Amino acid sequence: NLLIIFVFISAALWIIMPLLAEIYFNGHKEPESNFQWKVSDEKLDLAVWLDPFNARYRAERGALYLERARWLKDKTPVLSKAEREYRKANELNPYNVRWLLGLATAETELFLANPFEYGDRLGISIKHFKEAFEKCPANYEFNYYIGLSFLKLWNYLNEDAMDFAR
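Residue numbers run consecutively from 1 along every chain, following the written order of its sequence. Under the rules for a predicted model, residues below a pLDDT of 70 receive no local features and side-chain atom pairs below 80 are neither given nor counted, while totals for whole chains, interfaces and linings still include all residues. With hydrogens and water excluded, all non-hydrogen atoms of the structure serve as input to the side-chain values.

**Notes on the nonpolar core**
Phase 1: The biggest cluster of nonpolar side chains holds 23 residues, and the ones touching the most others in it are Leu-66, Tyr-86, Trp-99, Leu-101 and Phe-129.
Phase 2: Labels follow the DSSP assignment, with helices taken as runs of H or I lasting at least four residues and strands as runs of E lasting at least two, numbered in each case from the N terminus. Listing elements by their share of this core, those giving two or more residues are helix H4 (55-69), helix H5 (76-92), helix H6 (97-113), helix H7 (121-135) and helix H8 (140-165).
Phase 3: The leading source of residues in this core is H6, at eight residues.
Phase 4: Buried Ala, Val, Leu, Ile, Met, Phe, Trp, Tyr and Cys residues that are joined via side-chain atoms within 4.5 Å together make up what is termed a nonpolar core. Only protein chains enter the accessibility calculation, which uses a 1.4 Å probe. A residue is then buried if its area is under 20% of the maximum for its type, exposed if over 50%, and partly exposed in between. Residues Ala-21, Val-48, Leu-50 and Leu-64 belong to the second largest nonpolar core, which totals eight residues.

Here it is, written out as structure tokens:
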């Protein structure tokens, strides 16, 4: 009897946990849009904890960290988290080009935030952009991500040139 109860409870948890994870995942969006980042993080962390092999949750967390970095003065810790989450999402599902583009964008942003500490990220991001293009050359998002990243890089290089000229 105990074995049957244990099997029944295990099966119920196996079915319920991804559903609960999806509820928490969907629930993080409203607090995030109201800049309630702590509440949003708690819900998203719980979703990842309930369903740790869902790459979409990791990629969403990476995208949120990228977005938050725009509002912070010290961007490096948040961008490191974004890179880590996108990297994990790509490990879980290496076939989603959007997440590879997010990883490349996070690496470019890390380089721009602190080029002395993260100088190697620029070459790695170019490698990831190239890999994304090879996986799906017709992806319309590729143009957006690479254009945005290299526009920011161009502005960064122009600022250095202006500093050098002064």
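Having seen it, we continue.
**Remarks on the confidence of the model for the protein**
Do not read the fine detail of predicted coordinates wherever pLDDT is low.
Phase 1: pLDDT measures how confident the predictor is about each residue, on a scale from 0 to 100. Across the protein, the average pLDDT comes to 83, with 96% of residues at or above 70.
Phase 2: Across the protein, element-level confidence peaks in H5 with a mean pLDDT of 93 and bottoms out in H8 with 71.

**Quick notes on the pattern of salt bridges**
Phase 1: The term salt bridge refers to a side-chain nitrogen of Lys or Arg lying within 4 Å of a carboxyl oxygen of Asp or Glu. All chains considered together, the criterion is met by 13 salt bridges.
Phase 2: The closest approach of N and O atoms between Arg-87 and Glu-107, which form a salt bridge, is 3.2 Å. In this pair, Arg-87 is assigned in helix H5 and Glu-107 in helix H6, connecting sequence segments 20 residues apart.
Phase 3: Where Glu-131 meets Lys-135, a salt bridge forms, and the shortest distance between an N and an O atom there is 3.6 Å. Placement of the pair is Glu-131 and Lys-135 together in helix H7, with a separation of four residues, close to one helical turn.
Phase 4: Each of the salt bridges in this network shares a partner with another, and the network as a whole consists of Asp-45, Arg-58, Arg-61, Arg-84 and Glu-85.

**Concerning the side chain of Arg-61**
Phase 1: On the secondary structure map, Arg-61 appears in helix H4.
Phase 2: Residue contacts are defined here by distance: any two heavy atoms, one from each residue, within 4.5 Å place the two residues in contact. Arg-61 has contacts with Leu-44, Asp-45, Val-48 and Glu-85, leaving out every residue within four places of it along the chain.

**Here we look at H6**
Phase 1: For H6, spanning 17 residues, the distance from its first C-alpha to its last is 24 Å, which sits close to the expected 24 Å at 1.5 Å a residue.
Phase 2: Counting buried positions along H6 gives 15 out of 17 residues, so the element sits mostly inside the fold.
Phase 3: Here a polar contact is recorded for every N or O atom pair within 3.5 Å, except that within protein the pair must consist of a potential hydrogen donor and a potential acceptor, and residues adjacent in sequence are included only if both atoms are side-chain atoms. The distance from a side-chain oxygen at the start of H6 to the backbone nitrogen of Arg-98 is 3.0 Å, and the residue carrying that oxygen is Asn-96. By definition here, a helix of n residues has an expected span of 1.5 Å times n minus one.

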